[in-house]
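# Structural overview for review
Given next are the chains, with one letter for each unit.
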Amino acid sequence: MTVTAILINGIAIIAPSIAFIKDKEKAVKSLKIAGKSFIRVLPMVLVIILVIGLLLGFTPPDQISRFTGEQSGLWGVLLVGAVGALMHIPSLLAFPLAASLLENRAAVGVVAAFIATLTMVGIVTLPLEIRELGKEIALLRNSISFVIAIIIALIMGAIL
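A brief report on the enclosed structure follows. (Residues numbered from 1 in each chain as written. Predicted model: local features only at pLDDT ≥ 70, side-chain atom pairs only at ≥ 80, totals over all residues. Heavy atoms only, no water.)

## Digging into helix α3 (residues 61–68)
Filter applied, for reference: Three exposure classes are used, based on accessible area relative to the maximum for each residue type with a 1.4 Å probe and protein chains only: buried under 20%, partly exposed in between, and exposed over 50%. Strands here mean DSSP runs of E at least two residues long; helices mean DSSP runs of H or I at least four residues long; both are numbered from the N terminus. By definition, the arc is the one covered by directions from the helix axis to the C-beta atoms. Whether two residues touch is decided by their heavy atoms; if any such pair falls within 4.5 Å, the residues are in contact.
Residues I64, S65 and T68 constitute the buried set of α3. Buried positions in α3, seen along its axis, are confined to an arc of 100 degrees and lie on one side of it. Residues of α3 that are buried in the fold lie against α2 (24–58), α4 (73–86), α5 (91–103) and α6 (108–120).

Printed below as a string of structure tokens:
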């Protein structure tokens, strides 16, 4: 077990213990809310895992490499960056997917584009952003975020 895993597990045990000691009623209420949220999100997470597993299982590594490998260049970064911008999956699931892409010979820059756009650009949440921030600000934020994500991906691809 890595040091990071030990620390995370320790915090996962210590933090709720402190919460129970400080205020048992609030701690129980928080756990109930967290449990309900987990149950509400679980079906979506399972579907995403299933779809990603099927896609990776039925798509030969050569096909993945053709669109995402080193030879894909800027177009691969832009293509996968656009896919990342369109997807709405938790980052926790994106990292194993990124690892699978790397195992299937995807370029580091392409995978960086996927992770960066997934976390920085919100096409799915754009209507909410427009409602809360206004159309101009929401579109500007997403556009700038996409450009920055692509720049990050290109730098990562060049460095690694």
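## Concerning the environment of I130
Within the fold, I130 resides in helix α7 (residues 126–133). Residue I130 is classed as partly exposed on the basis of its relative accessible area, which comes to 29%.

## Re α2
Note the following rule: A helix is expected to span 1.5 Å for every residue after the first. Two axes enter the bend calculation: one fitted to the seven residues ending at the residue in question, the other to the seven starting there, and the bend is the angle between them. Pairs of N or O atoms within 3.5 Å make up the polar contacts considered here, provided that, within protein, one atom can donate a hydrogen while the other can accept it, and that residues adjacent in sequence are counted only when both atoms are side-chain atoms.
Relative to the 51 Å expected for 35 residues at 1.5 Å per residue, α2 spans 49 Å between its end C-alpha atoms, a close match to the ideal helical length. Within α2, the axis deviates most sharply at L42, by approximately 35 degrees, and proline P43 lies no more than four positions further along. Inspection of α2 places A27, V45, I48 and I52 among the buried residues, and these make up the whole buried set. Looking at where α2 begins, the residue whose side-chain oxygen comes 3.2 Å from the main-chain nitrogen of E25 is D23.

All we've got here are geometric facts, nothing functional implied.
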